[in-house]
Amino acid sequence: MEKSGVAATGSAPPAVATTPSPKLSKVQPETPAQIAEKERDAKRRARLLDIRMELHRRLLETLNLAVLDKVSEGDLRREISAISREGLREQGIVLNAAEVEQLNNDLYDEVTGLGPLEPLLKDPTVNDILVNSHRQVFVERKGKLQLTDTVFKDEKHLLRVIDKIVSAVGRRVDESNPYVDARLSDGSRFNALVPPCAVDGPLVSIRKFSKDKLSIDELIDFGAFTEEMAAYLQAAVSCRLNIIVSGGTGSGKTTTLNALSSFIDNSERIVTIEDTAELQLQQVHIGRMESRPPNVEGRGEVTQRDLLRNALRMRPDRIIVGETRGDEVIDMLQAMNTGHDGSMTTIHANSSRDAISRLENMIAMTGVEMPMSASRAQIAAAVNLVVQVSRLQDGSRRMVSVTELTGMEGDIVSMQEIFRFKRTGLDADNMILGHFTATGLRSIHSDRFRQWGYELPNSIYTPVKTD
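How each quantity is defined
Residues numbered from 1 in each chain as written. Predicted model: local features only at pLDDT ≥ 70, side-chain atom pairs only at ≥ 80, totals over all residues. Heavy atoms only, no water. Helix = DSSP H or I, 4+ residues; strand = E, 2+ residues; numbered from the N terminus. Buried < 20%, exposed > 50% of the residue type's maximum accessible area, 1.4 Å probe, protein only. Contact = heavy atoms within 4.5 Å. Areas by Shrake-Rupley, 256 points an atom, 1.4 Å probe, with all protein chains shown as cover. Lys, Arg positive; Asp, Glu negative; His and termini not counted. Charge placed at Lys NZ, Arg CZ, Asp CG, Glu CD. Phe/Tyr/Trp six-rings, centres within 6.5 Å; stacked < 30°, edge-to-face > 60°. Axes fitted to C-alpha atoms, helices over the stretch in contact; angles between N-to-C directions. Parallel < 35°, antiparallel > 145°, perpendicular 65-115°, else oblique. Nonpolar A, V, L, I, M, F, W, Y, C, P; charged D, E, K, R; others polar. Arc of directions from axis to C-beta. Pairing = 2+ DSSP bridges. Left-handed = near helix turned anticlockwise from the far one by under 90°.

Draft legend 1. Spatial organisation of the overall build of the protein chain. A tally of helices and strands in the protein chain yields 13 helices and 15 strands. Taken along its principal axes, the extent of the C-alpha atoms in the protein chain is 80 × 60 × 40 Å. Counting only residues that meet the buried cut, the protein chain has 46% of its 467 residues in that class. Residue pairs at least 24 apart in sequence account for 58% of intrachain contacts in the protein chain once pairs closer than 6 positions are excluded. Accessible area for the protein chain stands at about 24,200 Å²; split by element, carbon and sulfur atoms hold 50% of it. Of the charged side chains in the protein chain, 59 are positive and 66 negative, and the gap between their average positions amounts to 1 Å.

Have a look at this one:
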């Protein structure tokens, strides 16, 4: 296996790390012609939006909404086209062919989907959709936020789309209950906050659900980690080490957990527990569970801890918790310590050491009277490996550290880093340069790997030499 010491940019690390001086350029003022063109474009979009909302009102009055799900897409599009054509004629509005086609597509999205958000949901390059008000919609592409030209007619229009989403899953959002979590039909995570808590208008965030999970080979090609790290992680998962994937929001924790789960053998029974079902495991024997929020009366809630306790009675070989964030941490650690080795979970933390501190804090917040030394001993005994992932400032996502827990030294959980990502600088486009390297420390689980049939070469623990 060849050493892979190349950063995600595909170029070898430079002999001397240099950070180029930022290039300062003056912002050129817009010409009167450019300003006039922008104003005309804004007026045209506002006019088309007014037309769309009026025709949408007419559609709601004309169409039989009760049978929409029984009508084919082609028939519905033809009916919408006919109604909009009649409406345009009655209002004396003349549009070109492209505008008419766009209008009919927008009306179809308003009737059957989520209106202006529908094209963004269908765009495979969009990872997140962030609505700051009815006038401002951002998306994330390749780790970078971009402002779109998507707008809603007004606040009522945006609230109607929000209500359409939450009512489909039996939830409600209003002044008395101003925030809501839900899941779209395609599995995407949805969160909304409405006034009075949202000062400038409703706030919406949608984390899109990826239908195609990234394989280990694809992640290596993207520069998320190296083949040597993959070989080590395969041994760790196959030999049933308990693993925590740690990282910040949007750093790729779930993607990494999905990739690691591909190393689990098909003969094992896996139980997954999540707040929102996102894991895409490919094994044969999987039991999937999802927590449930309380209903409108505030009853019927099923927490991750409830599901975790129930899972222990379902004879799982491994338990995978989508994210540990509350009092389920006690049951998770106990499961790892009582025969359910090979379990995995994710946690929000900025480093491997912070991940251990967060586990300690969550234990303390459960109200269980346990000395700090006992909590740390429980963590050290339960967790074998912390995989730290991060989204760097250039938008790339990398596995920046792989750290083993080696036991206790006094009252401190001792750890040793096996692999890390070493940054060497920035290129002219402000893309991060760097390389993955071993630290030179051998895994404390080497004997276990060997007993399970994974004879890792000593070379994978050799640091990458740079000139």
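Draft legend 2. Representation of the packing of aromatic side chains in the model. On inspection of all chains with the given rule, the structure shows three aromatic pairs. Ring geometry for Tyr-232 and Phe-449: centres 5.8 Å apart, planes at 80°, overall edge-to-face. Here Tyr-232 is found in helix α7 (residues 227-238), whereas its partner Phe-449 is found in helix α13 (residues 446-451), with 217 residues between them in sequence. Assigned by exposure class, Tyr-232 and Phe-449 land together as buried. Summarising the aromatic geometry, the rings of Phe-421 and Phe-436 are spaced 5.0 Å apart at their centres and angled 55° between planes, so their arrangement reads as tilted. You can see Phe-421 sitting in strand β14 (residues 412-426) and its partner Phe-436 sitting in strand β15 (residues 432-438), a full 15 residues away along the chain. By relative accessible area, Phe-421 is classed as buried at 9%. Joined through ring pairs, the aromatic side chains of Tyr-232, Phe-419 and Phe-449 make up one cluster.

Draft legend 3. Structural context of the packing of helix α3 (residues 97-112) against helix α5 (residues 155-168). The interhelical angle for the contact between α3 and α5, taken along N-to-C directions, is 50°, at an axis separation of 10 Å. By the angle between their axes, α3 is oblique relative to α5. Here Glu-110, Val-111 and Thr-112 of α3 come into contact with α5, specifically with His-157, Arg-160 and Lys-164. Counted by class, the contact of α3 with α5 contains one nonpolar, two polar and three charged residues.

Draft legend 4. Layout of helix α9 (residues 304-311). What α9 keeps buried is the set Gln-304, Arg-305, Leu-307, Leu-308 and Ala-311. Burial along α9 is one-sided: seen end-on, the buried residues are contained in an arc of 160°. Turning to α9, the residues buried within the fold contact β8 (270-274), β9 (286-290), β10 (318-321) and α10 (328-337).

Draft legend 5. Expanded view of the sheet that holds strand β4 (residues 179-183). Here six strands make up an open sheet; going across it, the order is β3-β2-β1-β6-β5-β4 and the pairing antiparallel. In the strand order of this sheet, the two ends are held by β3 (144-147) and β4, each with one partner. Taking the axes of each pair of neighbouring strands and ignoring which way they run, one obtains an average angle of 15° across the sheet. In this structure, strand β2 (residues 136-141) lies alongside β3, joined through four bridges in antiparallel fashion. In the sheet register, Val-139 faces β3, and the bridge partner there is Gln-146.

Draft legend 6. The arrangement of the packing of helix α11 (residues 352-365) against helix α12 (residues 372-382) in detail. Packing of α11 against α12 leaves a shortest axis separation of 10 Å and a crossing angle of 125°. One finds that α11 runs oblique with respect to α12. When the axes of α11 and α12 are compared, the crossing they make is right-handed. Contacts between α11 and α12 involve Ile-356, Leu-359, Glu-360 and Ile-363 from the first element and Met-372, Ser-375, Arg-376 and Ile-379 from the second.

Draft legend 7. Examining the environment of Thr-276 more closely. Within the secondary structure, Thr-276 is located in the loop between β8 and β9. With 16 residues separating them along the chain, Thr-276 and Arg-292 place their C-alpha atoms 9.1 Å apart. The residues touching Thr-276, leaving out its near neighbours within four places in the chain, are Arg-183, Gly-187, Arg-189 and Glu-290.

In short, the description is geometric, and any link to function would need to be established separately.
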